[in-house]
Amino acid sequence: MDRRVVITGVGLVTPLGTGTDVTWSSLLAGKSGIGPITRFDATEYACRIAGECRDFKAEDWIEKKEVRKMDLFMHFGMAAAILAWKEAGIEVTEENSRRIGVIIGSGIGGLTAIQNQAWELKEKGPRRISPFFIPMSLINLISGHFAIKYGLKGPNHAVVTACATGAHAIGDAMHIIRRGDADVMVAGGAEAAICELGIGGFAAAKALSTRNDNPEAASRPWDKGRDGFVESEGAGVVVLETLESARKRGARIYAEVAGYGLTGDAHHITAPDPDAEGASRCMANALASAGVDPTSVGYVNAHGTSTPLGDVVETQAIKKVFGPEYARKLMVSSTKSMTGHLLGAAGGVEAIFTALALHHGVVPPTINLDDPDDACDLDYVPHTARQVSLECAMSNSFGFGGTNASLVLKRVS
């Protein structure tokens, strides 16, 4: 069985706002969601900036008594999933409940809960550990909570592949529907690692930008002045179903998830393969999976983290896959220039951005690209969004451990 799979609901929680409208409008306006860290006192930290979801209130989405049983990454994931689910408008019945599943992952999971409970243990002893500690830190519990809330008895799963998590979740969910194991899947990623341990750990690895005096300009993919990524939080979740069922219901269709590639670099735990072999093969596999020619792709939502090596390697990969001549005709932007890097949520969020670009006919920009790196010489849609009709687009997500994911999305007319 090989069924066409489409996106009929999207949910976003990002540093640009809660909900699709506010996030998308801010993105197209080139607004940055990066600012000083307020979650804790970051005075002594090398990095003191992040993309916090400042307007988010968990009680708007989850019963107050349940909020304290979940880590913040679950709050974000549940909110995004609820937004996507309500938008899709699928009714659950006893008959179809076993055909609807959930696959929402996270790169790190309940890091804040782990950190805080470790402090409780050390300072007050084992009797002060919360009875909710283990379930509030488990990555698969977004899927669990959401399935329980709506009575979804189909495949219940989670992905943990660092910064490729959200994209892998959507690609895997697409395959689950294609092969007939479910008719509907809720898929994506969530992350909430802006805490003392998270910021301290990434900073110790020299991965974060330290442009603390100008947070909004800190995430600057492809620019000569980039000095690392900006850690952010949030969630991006989609509802996937067959094209046949979407049309039968008269549902709004954002895009078709037409292709999915996944590979490994087998090179280094944090650095990408400098030859771009894994990333380029991943993109090529996604194109082959979709059955489309590279020249049909008009836009690539790049992984584009604003790291010195990563941006160059992704540029090389794009040239390898699309050829140097056509690669320069492609529009390639990094929305992380505005959202920062949402880690395990990035792939879900950016797949949604790619679907919205196809649906609305507008490509979001790369901001802060003031002095392009000589090795980064593609059309990165600098500063200003671009109105353009698109038929096919790609979204890339690459993670620690050399794990790669690419999604090919197509407009459905």
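The rules behind the values
- Residues numbered from 1 in each chain as written.
- Predicted model: local features only at pLDDT ≥ 70, side-chain atom pairs only at ≥ 80, totals over all residues.
- Heavy atoms only, no water.
- Salt bridge = Lys/Arg side-chain N within 4 Å of Asp/Glu carboxyl O.
- Buried < 20%, exposed > 50% of the residue type's maximum accessible area, 1.4 Å probe, protein only.
- Helix = DSSP H or I, 4+ residues; strand = E, 2+ residues; numbered from the N terminus.
- Pairing = 2+ DSSP bridges.
- 1 Å grid on protein atoms, 1.4 Å probe; cavity = no way out; pocket = protein on both sides within 12 Å on 5 of 7 lines; lining within 4 Å.
- Points joined across faces, edges and corners; volume = space filled by probe spheres on them.
- Nonpolar A, V, L, I, M, F, W, Y, C, P; charged D, E, K, R; others polar.
- Expected span 1.5 Å × (residues − 1).
- Axes fitted to C-alpha atoms, helices over the stretch in contact; angles between N-to-C directions.
- Parallel < 35°, antiparallel > 145°, perpendicular 65-115°, else oblique.
- Contact = heavy atoms within 4.5 Å.
- Core = buried A, V, L, I, M, F, W, Y, C linked by side-chain atoms within 4.5 Å.

> Describe in detail the pattern of salt bridges, supporting the description with residues and values.
Scanning the entire structure with this criterion turns up 22 salt bridges. Arginine 220 is paired through a salt bridge with aspartate 223; the nearest N and O atoms lie 3.1 Å apart. For arginine 220, a relative accessible area of 6% gives the class buried. Taken together, the shared-partner salt bridges in this structure form one network comprising Arg3, Arg99 and Asp183.

> Outline the environment of glycine 166, listing residues and values.
For glycine 166, the location among the structural elements is in helix H7 (residues 165–178). Separated by 21 residues in sequence, glycine 166 and alanine 187 have C-alpha atoms that sit 7.7 Å apart.

> Describe the pairing of strand E15 (residues 403–410), and please don't skip the residues or the numbers.
Burial within E15 is extensive, with 7 of its 8 residues counted as buried. Across 8 bridges, the pairing between strand E9 (residues 255–264) and E15 is antiparallel. Each residue of the ladder has a partner; that of leucine 262, found in E15, is alanine 405. In the sheet, strand E14 (residues 392–399) pairs with E15 via 8 bridges, with the strands oriented antiparallel. Its bridge partner being in E15, phenylalanine 398 is matched across the sheet by asparagine 404. Linking E14 back to E15 in an antiparallel pair, the connection comprises 3 residues, with glycine 401 at a positive phi of about 90°.

> Which residues make up the layout of surface pockets, and what values do they have?
Reported here for the largest pocket is a volume of approximately 530 Å³. Along the walls of the largest pocket sit 35 residues, with Thr270, Pro272, Thr307, Gly310 and Phe400 positioned nearest its centre. The element that contributes the greatest number of residues to the lining of the largest pocket is helix H11 (residues 308–322), accounting for 6 residues. A class-by-class count of the residues in the lining of the largest pocket yields 15 nonpolar, 14 polar and 6 charged. The calculated volume of the second largest pocket comes to roughly 370 Å³. Asp183, Val184, Glu241, Ser245 and Arg249 are the residues nearest the centre of the second largest pocket, which is lined by 14 residues in total. Elements with a minimum of two residues in the lining of the second largest pocket: strand E8 (234–242) and helix H9 (243–249). Per-element accounting of the lining of the second largest pocket gives the leading share, 4 residues, to H9. For the lining of the second largest pocket, the class distribution of residues is 3 nonpolar, 3 polar and 8 charged.

> So, helix H4 (residues 111–124): which residues are in play, and what are the values?
Taking 1.5 Å as the rise per residue, H4 with 14 residues should run 20 Å; its terminal C-alpha atoms sit 20 Å apart, in good agreement. Considered for burial, the residues of H4 that qualify are Leu111, Ala113, Gln115 and Gln117. Following H4 by one or two positions, glycine 125 adopts a phi angle in the positive range, close to 95°.

> Lay out the packing of helix H1 (residues 20–28) against helix H14 (residues 346–360) with the relevant residues and their values.
Two quantities define a packed helix pair, namely the angle between the helix axes and the distance between the axes. At a closest axis distance of 12 Å, the pairing of H1 and H14 adopts a crossing angle of 80°. One element, H1, and the other, H14, form an angle in the roughly perpendicular class. In contact with Thr20, Thr23, Trp24 and Leu27 of H1, H14 contributes Phe353, Leu356, Ala357 and His360. Class assignment for the residues of the contact of H1 with H14 results in 5 nonpolar, 3 polar and no charged.

> Residues and numbers for helix H10 (residues 277–290), please.
When the terminal C-alpha atoms of H10 are compared, their 20 Å separation across 14 residues agrees well with the 20 Å that a helix rising 1.5 Å per residue should span. All buried positions along H10 are accounted for by Gly278, Ala279, Ser280, Cys282, Met283, Ala286, Leu287 and Ala290. Where the residues of H10 are buried, they touch E9, H11, E14 and E15. Directly beyond the C-terminal end of H10, a positive phi value near 70° is found at glycine 291.

> Now, about the environment of isoleucine 352: what can you tell me, with residues and values included?
Mapped onto the fold, isoleucine 352 is located in helix H14. Taking the C-alpha atoms as reference points, isoleucine 352 and valine 238, 114 residues apart in sequence, are found 7.4 Å from one another. Beyond its immediate stretch of four places on either side in the chain, isoleucine 352 contacts Val10, Gly11, Leu12, Gly236, Val237 and Val238.

> Just give me the short version of unusual backbone geometry, but keep the residues and values in it.
Glycine aside, negative phi is the norm for most residues, and most peptide bonds take the trans geometry. The backbone of lysine 206 shows a phi angle near 60°, a positive value even though the residue is not glycine. In this structure, lysine 206 sits in the loop between helix H8 (196–204) and E8. For serine 306, which is not a glycine, the phi torsion comes out positive at approximately 80°. Of note, serine 306 is situated in the loop between strand E10 (299–301) and H11.

> Please set out the nonpolar core residue by residue, giving values where relevant.
Among the nonpolar cores identified, the biggest contains 49 residues, and Ile7, Ile170, Leu240 and Leu407 are the most heavily contacted of them. The leading source of residues in this core is H14, at 9 residues. Residue contacts for isoleucine 7: discarding those within four places in its chain leaves Val238, Val239, Leu240, Arg252, Ile253, Tyr254, Ala255, Val257, Ala355 and Leu409. Membership of the second largest hydrophobic core comes to 34 residues, among which are Cys53, Met70, Phe76 and Ile90.

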